[in-house]
There are 2 protein chains.
Amino acid sequence: MNDTLVVTTFDWVPETPRGYVRDLRVRWALEEAGLPYRVESTPFRERAAAHYAHQPFGQVPWLVDGGRSIFESGAILLHLGQRSAALLPTEAGPRSEATTWLFAALNSMEPAILPMTVLEFAGFTPDMPVTQPFEAFLKARLGHLEPVLAGREWLAGSFSVADIAMADALRLLNESERLAAFPACRAYVGRATARPAFIKAHADQLAHFAAAD
Amino acid sequence: MNDTLVVTTFDWVPETPRGYVRDLRVRWALEEAGLPYRVESTPFRERAAAHYAHQPFGQVPWLVDGGRSIFESGAILLHLGQRSAALLPTEAGPRSEATTWLFAALNSMEPAILPMTVLEFAGFTPDMPVTQPFEAFLKARLGHLEPVLAGREWLAGSFSVADIAMADALRLLNESERLAAFPACRAYVGRATARPAFIKAHADQLAHFAAAD
């Protein structure tokens, strides 16, 4: 039992974030690697001290691997990458490249995407002038990512945790049609989300939250 | 000469970002570790194809270590951490904890801070309604970080690259007085920026840009 990886996510979330809660990234990686795991739940509505002990920001997921508890989807992806060559190349050069792109997904792209979610949640619409600086920032970043993805199938040679983080971040934009002008980005999201491991992880997350309704 | 680490930053930047350009994080880490390095420049105004080959988003810094070129300040910090125990603990548990907090700084805190910079750059002031959801998001994150920092000197036991990323991200908030209600966060920034390695890195960056005026 100590050998089984345990992913903790919320017991329930509202409709909107379903399919996007970040345990998806961890489920996806575990499915890609074929590592055995089970999923546990923590209350969404009343977050106890035990929750903050594992995840200081009161978010999910966290991963327990033996005696170690790890939070931050990026840190979990890197940790799992160190356990499986299906997630992170073992050769030093490609491994460094995949790690770099993992950080790029989380610190160069996702922070350009997040404000859209904050604005939409607060009721601002894309036609309002206040959204313009954020739209411009996002478009600049996508404009730089586009030629990268036009020239390669995956970010670091072979599929890696960098693609899990990047495709999951871009997925949200594709649904809001913001990738329409960036065909290579859009095609990349299509390739990534067509992988059986993503499809299973996504279906499993939806089923997990649906079971709590 | 191949043994010397080379950090590339812009040749010049406007006044406002001086002292905050991200080569600071790399300089700071290199000073903490006592690793020999030199700094090279790339044009700020006309960014050539060679720039994008090293840094696909047209940003800085990047680090050349022997035959390897690495971008993303987070990836560079992790890379340097693997070269020096002064930056990342060698024992597995503390090393995992420091890595987790490095991701937390870059993906849980910095994306909550970045919108403030975008809004200020676009001329929005904190009293405007559009800034409210972002202020609320940031305050929630700081509210979770506060008890963590009230209970420890550094994020992962001893000083690590996680503190470089976190303190550098929080520093901006301290200058805009947004840390006034978060005394543990403010004291942490004070501790971090009082380190000789930070002071030297900061002075060196200011001198680098001043020399180009």
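Because the structure is a prediction, the values reported are computed rather than measured.

Note on the chain copies: they are related by a rotation about an axis and a translation along it. Rotating chain A by 180° about the axis while translating it 0.0 Å along that axis superimposes it on chain B, leaving an RMSD of 0.1 Å. Considering both components of the superposition, the chain copies are consistent with a two-fold axis. In terms of C-alpha distance to the rotation axis, chain A has Pro111 of chain A as its closest residue, with the C-alpha 2.4 Å off the axis.

Residues and elements named next belong to chain A. In space, the four strands of this open sheet follow the order 2-1-3-4, with mixed pairing throughout. Here the strands that pair on one side only, and so sit at the sheet edges, are strand 2 (37-42) and strand 4 (68-71). Taking each pair of neighbouring strands and ignoring which way they run, the sheet shows an average axis angle of 25°. One ladder, built from four bridges, connects strand 3 (residues 62-65) with strand 4; its direction is antiparallel. Bridging from a neighbouring strand, Val64 pairs with Ser69 of strand 4.

Residue and element names in this part refer to chain B. Within the open sheet, the four strands sit side by side as 2-1-3-4. Their pairing is mixed. Of all strands in the sheet, those bounded by a partner on one side alone are strand 2 (37-42) and strand 4 (68-71). Averaged over all pairs of adjacent strands, the angle between their axes in this sheet comes to 25°, without regard to strand direction. Against the sheet, helix 3 (residues 73-81) makes contact with strand 1 (5-10), strand 3 (62-65) and strand 4, and its axis sits at roughly 130° relative to strand 4, the strand it touches most.

What follows concerns helix 6 (residues 161-175) of chain B. Since the α-helix turns once every 3.6 residues, residues separated by three or four places project in the same direction. Residues and elements named next belong to chain B. An ideal rise of 1.5 Å per residue puts 21 Å on 15 residues; helix 6 measures up with 22 Å between its terminal C-alpha atoms. Counting buried positions along helix 6 gives twelve out of 15 residues, so the element sits mostly inside the fold. Val161, Ala162, Asp163, Ile164, Ala165, Met166, Ala167, Asp168, Ala169, Leu170, Arg171 and Leu173 are the residues of helix 6 that are buried. Next to the buried residues of helix 6 lie helix 1 (23-33), helix 3, helix 4 (92-121), helix 5 (131-150), helix 7 (183-193) and helix 8 (196-210).

This part is about the pattern of salt bridges. Once their charged atoms are close, side chains differing in charge can pair, the charge on each being opposite to the other. The tally for this structure, following the rule as stated, stands at 32 salt bridges over all chains. Linking Glu97 of chain A and Arg152 of chain A is a salt bridge whose minimum nitrogen-to-oxygen distance equals 3.8 Å. One end of the pair, Glu97 of chain A, is in helix 4 (residues 92-121); the other, Arg152 of chain A, is in the loop between helix 5 (132-150) and helix 6 (161-175), with 55 residues separating them in the sequence. Between Lys200 of chain B and Asp204 of chain B there is a salt bridge; the shortest N-O distance is 2.7 Å. Taken together, the residues span about one helical turn, with Lys200 of chain B and Asp204 of chain B both in helix 8 at a distance of four residues. Judged by its relative accessible area of 23%, Asp204 of chain B is partly exposed. Within this structure, Arg22, Arg25, Glu110, Asp168 and Arg171 of chain A form a network of salt bridges that share partners.

A few words now on the packing of helix 5 of chain A against helix 7 (residues 183-193) of chain A. All names here are of chain A. Two elements in contact, helix 5 and helix 7, have axes whose closest approach is 7 Å; the angle formed by their N-to-C orientations is 60°. Between helix 5 and helix 7 lies a crossing whose hand is left-handed. When helix 5 is examined against helix 7, the residues Leu142, Leu145, Glu146, Leu149 and Ala150 are found in contact with a partner set consisting of Pro183, Ala184, Cys185, Tyr188 and Arg191. Among the residues making up the contact of helix 5 with helix 7, the classes are represented as eight nonpolar, no polar and two charged.

At the junction of the two partners, chain A supplies 41 residues and chain B supplies 42 residues. With both sides pooled, the region where chain A packs onto chain B buries about 3,600 Å², and carbon together with sulfur makes up 73% of that total. On the chain A side of the contact with chain B, Phe57, Phe103 and Asn107 of chain A bury the most area, a combined 21% of that side's loss. Where chain A touches chain B, the interface holds zero salt bridges. On inspection of chain A and its partner chain B, the count reaches ten residue pairs in polar contact (both at pLDDT 80 or more). Broken down by element, the side of chain A that touches chain B gets its largest block of residues, 19 residues, from helix 4 of chain A.

Further remarks concern unusual backbone geometry. All names here are of chain A. The omega angle of the peptide bond from Val60 to Pro61 is 0°, so this bond is cis rather than trans. Looking at the secondary structure, you find Pro61 in the loop between helix 2 (49-54) and strand 3. Notably, Glu72 is not glycine yet its phi reads approximately 75°, a positive angle. Mapping Glu72 onto the fold places it in the loop between strand 4 and helix 3 (73-81).

Let's shift gears to the pairing of strand 2 of chain A. Inspection of the sheet shows strand 1 (residues 5-10) of chain A paired to strand 2 of chain A by six bridges, in the parallel sense. Counted as the bridge partner of Phe10 of chain A is Thr42 of chain A from strand 2 of chain A.

Parameters at a glance
Residues numbered from 1 in each chain as written. Chains lettered and ligands numbered in written order. Predicted model: local features only at pLDDT ≥ 70, side-chain atom pairs only at ≥ 80, totals over all residues. Heavy atoms only, no water. Least-squares fit on C-alpha atoms with pLDDT ≥ 70 in both. Pairing = 2+ DSSP bridges. Helix = DSSP H or I, 4+ residues; strand = E, 2+ residues; numbered from the N terminus. Axes fitted to C-alpha atoms, helices over the stretch in contact; angles between N-to-C directions. Contact = heavy atoms within 4.5 Å. Expected span 1.5 Å × (residues − 1). Buried < 20%, exposed > 50% of the residue type's maximum accessible area, 1.4 Å probe, protein only. Salt bridge = Lys/Arg side-chain N within 4 Å of Asp/Glu carboxyl O. Left-handed = near helix turned anticlockwise from the far one by under 90°. Nonpolar A, V, L, I, M, F, W, Y, C, P; charged D, E, K, R; others polar. Buried area = accessible area lost by both parts, 1.4 Å probe. Polar contact = N/O pair within 3.5 Å; in protein donor to acceptor, adjacent residues only side chain to side chain.

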